[in-house]
Amino acid sequence: MPELNDPYLIARVSITENTDNAHLLEVDGICPLCGNYLLIQKGKRMNKKYQIAHIYPNSPIPHEVKELQGLERLGTNCEEFENKVALCKDCHGYYDDHKTKEEYLKLVKIKKRLLAASKAKISTSHQDVEEEIVLVINSLMSIDPVTLQKMELEYKALKISSKIEMTYSILKAKIETYVCVYFNLIKETFQNLDQENKLNFDLVASEVRSSFLKCDEEIVSKSEIFEALVKWLKSKSNGSSSEACEAVISYFVQSCEVFHEISQ
Ligand SMILES: [Zn+2]
């Protein structure tokens with residue numbers, strides 16, 4: 001007889017935008033079951049191709065209660081972050097309809113790995129990263145304009161997809177995820193500081209671009225260039241997390257200072 005009063009099962013809690021973003025970031029924008037992208041760019045919009053799945057169901061049917069009886073559960077109740085994971089719609093549908101002991105344990109294992117990885121990552125502290133991004137950007141205010149005078153800037157609005165080849169699909173998914181989550185925050189922060197004359201956006205952008213050009217001469221792999229730029233930014237903004245710096249560099253990828261357009 002299944003437990004009628006299972007304290008793990010509580011009423012559904014709707015997912016806030018922040019939590020939704022945290023789930024997306026946790027999996028780096030890629031379905032952890034099939035590897036498909038969870039965001040698809042359609043024109044200027046990013047279409048969400050994912051849903052937040054319960055690992056242990058919120059309202060298990062009798063068959064599920066029996067199948068999953070005695071197995072490890074994540075979190076203290078079914079509505080906690082620990083018991084949810086972003087999946088593409090297909091995998092979510094399949095998982096919900098075919099929940100075997102094996103499928104359940106597989107997802108538990110995946111989620112535990114993600115949780116372990118995210119301890120050093122933003123997923124669970126979206127708010128902190130937002131504050132940090134502002135700090136990173138603030139620290140960019142001290143960039144020396146004299147060294148930048150010769151830089152010429154291009155402000156062509158390029159799509160990410162035209163700048164990063166498919167061979168860098170993981171990098172691409174990561175950048176798209178950051179852009180989707182943080183683009184407006186970063187843009188507004190830059191605009192505000194620029195309007196208050198605390199920062200010259202053109203100078204910052206050209207600094208990022210010159211760093212990119214330096215990297216571009218020496219490094220071939222775009223993933224390595226991305227990493228090098230993140231490291232560079234981190235060195236300029238003491239104590240900031242790699243994630244905050246990755247978000248800012250992703251912003252510049254989107255707004256065109258990083259990576260040349262791929263020639264077709
Ligand atoms: Zn999937």
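The model shown is predicted, which means the values in this text are computed figures rather than measured ones.

Reading guide: rules and limits
In this numbering scheme, every chain counts its residues from 1 along its sequence in written order. Totals for whole chains, interfaces and linings use all residues, but because this is a predicted model, local features are given only for residues with pLDDT of at least 70 and pairs of side-chain atoms are given and counted only at 80 or more. Excluded from the side-chain calculations are hydrogens and water; all other atoms, namely the structure's heavy atoms, are used. Take the buried residues of types Ala, Val, Leu, Ile, Met, Phe, Trp, Tyr and Cys, join any two whose side-chain atoms come within 4.5 Å, and each joined set is a nonpolar core. Working definition: with a 1.4 Å probe on protein chains only, accessible area under 20% of the residue-type maximum means buried, over 50% means exposed, and in between means partly exposed. A helix here means a DSSP run of H or I that spans at least four residues, while a strand means a run of E at least two residues long, and both kinds are numbered starting from the N terminus. Either an automatic procedure or a domain database provided the assignment from which the domain bounds are taken. The aromatic pairing rule takes the rings of Phe, Tyr and Trp, using the six-membered ring of Trp, and pairs them if the centres are within 6.5 Å, calling planes under 30 degrees apart stacked, those over 60 edge-to-face and the rest tilted. In this scheme, the term charge over a ring applies when either NZ of a lysine or CZ of an arginine sits within 6 Å of the ring centre and within 35 degrees of the ring normal. In this description, contact between two residues means that some pair of their heavy atoms is separated by no more than 4.5 Å. Any carboxyl oxygen of Asp or Glu within 4 Å of a side-chain nitrogen of Lys or Arg constitutes a salt bridge here.

**Overview of the nonpolar core**
Of all hydrophobic cores here, the largest spans 59 residues; its most connected members are Ile 186, Phe 190 and Phe 252. The element best represented in this core is helix H6 (residues 169-195), accounting for nine residues. Counting contributing residues, this core receives three or more from each of domain 1 (17-118) and domain 2 (126-254).

**Some points on the packing of aromatic side chains**
Scanning the model with the defined rule gives five aromatic pairs in all. Ring plane angle 80° and centroid distance 5.6 Å describe the contact between Tyr 251 and Phe 252, whose orientation is recorded as edge-to-face. In this structure Phe 252 comes out as buried when scored by relative accessible area, which is 0%. Note that Arg 73 overlies the ring of Tyr 56, its terminal NZ or CZ placed 4.3 Å from the centroid. The side chain of Lys 99 reaches across the aromatic face of Tyr 95, ending 4.8 Å from its centre.

**Quick look at the side chain of Lys 84**
Structurally, the position occupied by Lys 84 is in strand E4 (residues 84-88). Under the relative-accessibility criterion, Lys 84 is labelled buried at 5%. Setting aside residues up to four positions removed in sequence, Lys 84 forms contacts with Val 13, Ile 15, His 23, Glu 26, Ile 52, Ala 53, His 54, Ile 55, Cys 78, Glu 79 and Lys 111.

**Concerning the pattern of salt bridges**
Overall, the coordinates contain eight salt bridges when judged by the stated rule. A salt bridge links Lys 99 to Asp 96; its shortest N-O distance comes to 3.8 Å. It is possible to trace a salt-bridge network through shared partners that takes in Glu 64, Asp 96 and Lys 99.

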